[in-house]
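What follows is the residue order along each chain.
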Amino acid sequence: MLRVGSKAACMACRNLVSTHMGVRYPVPLQKLHPLSRAIHHRYLGNTNPQRSPHRTAARYFTSMSRLPMRPPKPSPGSGGRSYQQQRNFWVARLAARLLKLRYLLLGTAVGGGYTAKKTYEEWKELLPDFSEYNWVIPDFIWELSEQIDLDKLAKALPEMEEIAKLLPDLDKIGENFTFLKSLLSSETSGDPPLKATDSSAAATQDASDKQYKKGLLGELILIQQQIQRHEEEVRRAAAANSARPPPPEPAPSPPPNPSPLQQKRKSSDKEKIDQLQEELLRTQLKYQRMLERLEKENKELRKVVLQKDDKGIHQRKVKKSLIDLYSEVLDILSDYDANYNTQDHLPRVVVVGDQSAGKTSVLEMIAQARIFPRGSGEMMTRSPVKVTLSEGPHHVALFKDSGREFDLTKEEDLAALRHEIELRMRKSVKEGQTVSSETISLSVKGPGIQRMVLVDLPGVISTVTAGMASDTKETIFSISKAYMQNPNAIILCIQDGSVDAERSIVTDLVSQMDPQGKRTIFVLTKVDLAEKNLASPSRIQQIVEGKLFPMKALGYFAVVTGKGSSGESIDSIKDYEEDFFQNSRLLRDGMLKAHQVTTKNLSLAVSDCFWKMVRESVEQQADVFKASRFNLETEWKNNYPRLRELDRNELFEKAKNEILDEVISLSQVTPQHWEAILQKKLWERVSTHVIENIYLPAAQTMDSGTFNTTVDIKLKQWTDKQLPHKALEVAWETLQEEFARFMAEYKGKDQDDIFDKLKEAVKDESIKRHKWNERAMDSLRVIQHNALEDRSITDKPQWDAAIQFMEETLQSRLKDTESVIRDMVGPDWKQRWLNWKNRTPDQHIRNETKNELERLLKLHDDHTAYLANDEVTTVRKNLEGRGVEVDPALIKDTWHQLYRRHFLQKALSHCNLCKRGFYYYQRHFVDSELECNDVVLFWRIQRMLVITANTLRQQLTNTEVRRLEKNVKEVLDDFGEDMEKKTQLITGRRVQLAEDLKKVREIQEKLEAFIEALHKEK
């Protein structure tokens, strides 16, 4: 291949060569661009004169032509220099080959790495996202991996030799099994089916031995299987012996004496059988103790994990437990059922039994705490108690409506909890009743507690005793049936084992509710007393096998709940129960199975049954509430399309805000408005007293001095006794009327009629609670007394205002008096002709009396206010002369009204004269026949009204409105806490429909959340 040499390279080609390469070597011409290569050779000149110009030119412009692979022969004149050039060219070519090989290797490595990375990314994308399945592994497992040092844990584990010491002597047990098997096979050698069973059992035993050869768990399973096979073989042998027909009875003959060898063999066989049974029992007990030890260690470990979790490991995501979600649904349903008749078919464990059968004790054993009040023979459970059991780091209990936690490890908290439950039970029972259907909701948490919801019902009784309501028995039956008729409720039937089974009442009730026994678990309590008292222990076996009672059940259990002492602890009761069943012949003789005894096995079985029922029925119940929600929403849309769905509490809050706004509006009333209303209402209240008891008596006097003296005395008496009370009454009534007026005005804008009852009740209760400040009365009395003592009218406008006030008052009184006289005498001649009305006989007599008295007033214009007796006689005789019989009392009554009218007419005319009397007043009416003391009296009254109204207004705006607002808030707060009050005051189908919608939605949402959590737990 032709290379660019030192002579052949031009400046253009030399510039194309990189000057900063690590190894310098000539660039091949073929590496150049074709156009650059053509231009280069065009201007280079002919370096080979032997080649023809035509051929050279063709190579100039042909990009497809190739240079010769071998270099041209050197010219003769080159000599050694051409040899050195050729040797340098070979070295450069070798270096280029080596460098090319290195870059090929490097490129291959880079390309291969990129290809491998790309292939890995493609495989990674094909794999599923396992992060979505992290919920399968509990959170505490991930945290344990961070918290626990596995190396230390591995070192802390015991060696296999130490574990082997804990295991029983399997060789000895095998020898005993072989001996027992040979003994049984020798006794039943004529029974081929039994032999076949033995051979198959042996084959099964060999297979299981091969399967569980290694490990502690395998040894334990082997022991359990061997015990079960031994029990099965003994049972089959006994059945074969009982099925064998008895031999015919031979003729009576003296029994042969057995030989000493046979007796020795029989005694040795019996001893071996007893020894074998004792060995089996010890092995089973040892196995049970090992399991308990492992469970205890597991419980402690779970407690530590839960405590760490409780301290904040999971603060990032706070979740409620599954059983808490389910319990919330049941709590909402219990409140919902109280107001609306719905079908609640969600599962719960219903605990029923006769009184004093041990229901409460069984619940306490399951809850692992003595939480219920106790009494000897007395009814303690007076209402249903819903107990939600769940697992937690601390053993605590709390009520649904209370935030207090009771520490169940402390005796004082346990006593307080029992006392609180008893108080709540007695509070729920209405007067005259013994039991209540109101449910008390309680939650119990603790390590190792099985998750479930139990309802403890009052014990079924057969006779109503003294002190009980007459319907107590029927009420208990109805409450029990209401809970048991739920098709998904698990019935935990408690039967007292220490009494005769024939005395049981609850078994008949349970068999009626669940005749097939598909959801009933039977529990026999006080088995220790039953074993002592019963002459035939097989009766207990009949009970737990379901052969004695007519009822059927899913499972039968026998438990012991202590020795009957209320001071026993749960741990001591557990120890006593375990010791009893370990030493009881009921287990030793095979009358009871190991899984049928102890409250621990019972709680496990009840929990499994409960969650199975929940998983089978909860989605169906969610669909039922979904359909109910649709029906309620449809009803709301059709009846109330433009209204929001506000329940009773939301409506109460809305009404509360409106009422508070109306109370606040009272503080925005202007002072002028308050004073005008107070002045007007106060004068309406006291005007009658002023005219009748002050002005009229004083006007009967002959001179101004007597007039003023009479007025001063009567005003002083009035101020000391009546006026302050009347003023405060007027102020309080004014405040009430303004409050009611603001409510009415607000109602006119956009008021909901559903609030009318509530607002009226709030107004009445607030007014009832409001009390005026008593100290204000004393200060008001002083102010009014000072105002009435002032007689100095300073200017003409005040005089004119007093004249106007007097004139308006007298005209109003005159109008009222004329109206009274018209009613007394009947219609006049115009009304009789126009309206066809006639006077009654009494009105006719009064009309004649009026005419006679008017003639008397015309004759004596200055007559006094009272008629003399001779004047009464004269009037009566004159009327009798005209054929009118009249009573003197009627004459005096008629005279009173006529004289009143006459006096008011004269006072009005005198008032008109006094309009020009301010000048004479300033001169104290000296050298003047005009006296206007009555004008001064009305000015004093008017000024007292103004000052009193001003004082009352200040007290209203500064004190009483705020106190009223405070009272209204207190009343609203009290009503808000009283649900019964709200139910009475906010009623209607609209309210009930909104309440039902809210409850159904809440129940459905809770159920959906619970179902989602339930699926995740699966």
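Residues numbered from 1 in each chain as written. Predicted model: local features only at pLDDT ≥ 70, side-chain atom pairs only at ≥ 80, totals over all residues. Heavy atoms only, no water.

Some words on the overall build of the chain
Okay, so step 1: Each helix and strand counted, the chain has 36 helices and nine strands in total.
Okay, so step 2: Across the 1018 residues that make up the chain, the buried fraction comes to 39%.
Okay, so step 3: Restricting the contact set of the chain to residue pairs at least 6 apart, pairs at least 24 apart contribute 78%. (Helix = DSSP H or I, 4+ residues; strand = E, 2+ residues; numbered from the N terminus. Buried < 20%, exposed > 50% of the residue type's maximum accessible area, 1.4 Å probe, protein only. Contact = heavy atoms within 4.5 Å.)

Quick look at the pattern of salt bridges
Okay, so step 1: Enumeration according to the criterion identifies 44 salt bridges in this entry.
Okay, so step 2: As a salt-bridge pair, Arg-769 and Glu-765 come within 3.0 Å of each other at their nearest N and O atoms. Of the two residues, Arg-769 and Glu-765 both sit in helix α26 (residues 756-769), four residues apart, roughly one turn of that helix.
Okay, so step 3: Using a relative accessible area of 32% as the deciding quantity, one classes Arg-769 as partly exposed.
Okay, so step 4: Notably, a salt bridge pairs Asp-800 with Lys-796, separated by 2.6 Å at the nearest N-O pair. Of the two residues, Asp-800 and Lys-796 are both situated in helix α28 (residues 796-825); the distance of four residues between them amounts to about one turn of the helix.
Okay, so step 5: Residue classification places Asp-800 among the partly exposed positions, given a relative accessible area of 33%. (Salt bridge = Lys/Arg side-chain N within 4 Å of Asp/Glu carboxyl O.)

A look at the sheet that holds strand β3 (residues 396-399)
Okay, so step 1: Overall, mixed pairing links the nine strands, which are arranged β4-β3-β5-β2-β6-β1-β7-β8-β9 in an open sheet. Whereas interior strands pair on both sides, the edge strands pair on one side only; in this sheet they are β4 (406-407) and β9 (555-558). (Pairing = 2+ DSSP bridges.)

Considerations on the state of the cysteines
Okay, so step 1: Under the definition given, this model contains one disulfide.
Okay, so step 2: Disulfide pairing is shown between Cys-914 and Cys-932; the S-S distance is 2.1 Å. Note on the Cys-914 and Cys-932 pair: the S-S dihedral is about -100°, so by sign convention the disulfide is left-handed. With Cys-914 in the loop between α32 (888-913) and α33 (918-922) and Cys-932 in the loop between α33 and α34 (933-977), this residue pair connects regions lying 18 residues apart in the sequence.
Okay, so step 3: Cys-914 gets classed as buried once you look at its relative accessible area, which sits at 0%.
Okay, so step 4: On the basis of relative accessibility, which here comes to 0%, the residue Cys-932 falls in the buried class. (Disulfide = S-S within 2.5 Å.)

Considerations on the packing of aromatic side chains
Okay, so step 1: Evaluation of the coordinates by the stated rule reveals 16 aromatic pairs.
Okay, so step 2: Geometrically, the ring pair formed by Tyr-695 and Phe-938 is edge-to-face, given 5.3 Å between the ring centres and 70° between the ring planes. Within this pair, whereas Tyr-695 is found in helix α23 (residues 671-699), its partner Phe-938 is found in helix α34, the two being separated by 243 residues in sequence. No difference in accessibility class separates Tyr-695 from Phe-938, as the two residues are buried.
Okay, so step 3: An aromatic cluster is defined as three or more aromatic residues linked by ring pairs; in this entry it consists of Trp-683, Tyr-695, Phe-805, Phe-903 and Phe-938.
Okay, so step 4: Directly above the ring of Phe-652 sits Lys-982, whose terminal nitrogen or CZ lies 5.5 Å from the centroid. (Phe/Tyr/Trp six-rings, centres within 6.5 Å; stacked < 30°, edge-to-face > 60°. Lys NZ or Arg CZ within 6 Å of the ring centre and 35° of its normal.)

A short note on the environment of Val-444
Okay, so step 1: In this fold, Val-444 is placed in strand β5 (residues 440-446).
Okay, so step 2: Judged by its relative accessible area of 0%, Val-444 falls in the buried class.
Okay, so step 3: Distance in space between the C-alpha atoms of Val-444 and Glu-391 is 8.4 Å, their sequence separation being 53 residues.
Okay, so step 4: Those residues in contact with Val-444, other than ones at most four positions away along the chain, are Ala-367, Ile-371, Val-387, Thr-388, Leu-389, Ser-390, His-395, Val-396, Ala-397, Leu-408 and Ile-449.

Overview of the packing of helix α27 (residues 775-789) against α34
Okay, so step 1: The contact between α27 and α34 brings their axes to 8 Å, and the two run at 155°. Classified by the interaxial angle, the pair formed by α27 and α34 is roughly antiparallel. Our pair here, α27 against α34, has a crossing hand that is right-handed. Taking contact as the criterion, the partners of Ala-776, Leu-780, Ile-783, Gln-784, Ala-787, Leu-788 and Glu-789 in α27 are, on α34, Arg-940, Ile-941, Arg-943, Met-944, Ile-947, Thr-948, Thr-951, Leu-952 and Gln-955. (Axes fitted to C-alpha atoms, helices over the stretch in contact; angles between N-to-C directions. Parallel < 35°, antiparallel > 145°, perpendicular 65-115°, else oblique. Left-handed = near helix turned anticlockwise from the far one by under 90°.)

A look at unusual backbone geometry
Okay, so step 1: In this model, Ser-356 sits at a positive phi of 65°, which is unusual for a non-glycine residue.
Okay, so step 2: Inspection of the secondary structure assignment puts Ser-356 in the loop between β1 (349-353) and α13 (359-367).
Okay, so step 3: Even without being a glycine, Thr-598 presents a positive backbone phi close to 75°.
Okay, so step 4: As for its placement among the helices and strands, Thr-598 is situated in the loop between α20 (585-588) and α21 (599-639).
Okay, so step 5: Thr-598 gets classed as buried once you look at its relative accessible area, which sits at 15%.

Looking at the nonpolar core
Okay, so step 1: By size, the foremost hydrophobic cluster in this structure holds 101 residues, and its most contacted members are Tyr-695, Trp-718, Trp-799, Ile-941 and Val-968.
Okay, so step 2: If we skip the residues at most four places from it in the chain, Val-968 touches Ile-659, Leu-660, Val-663, Phe-739, Val-762 and Ser-766.
Okay, so step 3: Counting residues in hydrophobic clusters, the runner-up holds 59 residues, among them Leu-414, Leu-492, Ile-521 and Phe-557. (Core = buried A, V, L, I, M, F, W, Y, C linked by side-chain atoms within 4.5 Å.)

Considering the side chain of Arg-370
Okay, so step 1: Structurally, Arg-370 is set in the loop between α13 and β2 (385-391).
Okay, so step 2: Arg-370 gets classed as buried once you look at its relative accessible area, which sits at 9%.
Okay, so step 3: Looking at Arg-370, its side chain comes within polar contact range of the side chain of Glu-364, at 2.9 Å.
Okay, so step 4: If sequence neighbours within four positions are ignored, Arg-370 has contacts with Glu-364, Leu-414, Arg-418, Ser-565, Ser-566, Glu-568, Ser-569, Ile-570 and Ile-573. (Polar contact = N/O pair within 3.5 Å; in protein donor to acceptor, adjacent residues only side chain to side chain.)

With respect to the packing of helix α22 (residues 648-666) against α26
The angle between the axes and the distance between the axes are what describe a pair of packed helices.
Okay, so step 1: With their axes 11 Å apart at the nearest point, α22 and α26 run at an angle of 50° to one another. The angle between α22 and α26 places the two elements in the oblique class. Along this stretch, α22 crosses α26, giving a crossing that reads as right-handed. Here α22 contributes Phe-652, Ala-655, Glu-658, Ile-659 and Glu-662 to the contact with α26, which in turn contributes Leu-758, Lys-759 and Val-762.

A few points about the pairing of strand β6 (residues 452-456)
Okay, so step 1: The element β6 is largely enclosed, with a buried count of five among its five residues.
Okay, so step 2: The side-chain alternation of β6 yields two buried faces, one formed by Met-452, Leu-454 and Asp-456 and the other by Val-453 and Val-455.
Okay, so step 3: Examined bridge by bridge, β1 and β6 share three bridges and lie parallel to one another. Considered in β6, the bridge of Val-351 is made with Asp-456.

A closer look at the confidence of the model for the chain
Okay, so step 1: When pLDDT is averaged across the chain, the result is 75; 69% of the residues are at 70 or more.
Okay, so step 2: Across the chain, element-level confidence peaks in β1 with a mean pLDDT of 92 and bottoms out in helix α3 (residues 53-60) with 39.
Okay, so step 3: Confidence over residues 1-86 falls short of pLDDT 50; this stretch has 50 contacts with residues more than four positions distant or in other chains.
Okay, so step 4: Segment residues 244-256: pLDDT under 50, and two contacts once partners within four positions in sequence are set aside and those in other chains are kept. (pLDDT = per-residue confidence, 0-100.)

A look at the side chain of His-863
Okay, so step 1: Of note, His-863 is situated in the loop between α30 (841-859) and α31 (869-881).
Okay, so step 2: Overall, the relative accessible area of 12% leaves His-863 in the buried class.
Okay, so step 3: If we skip the residues at most four places from it in the chain, His-863 touches Leu-857, Glu-871, Trp-895 and Tyr-899.

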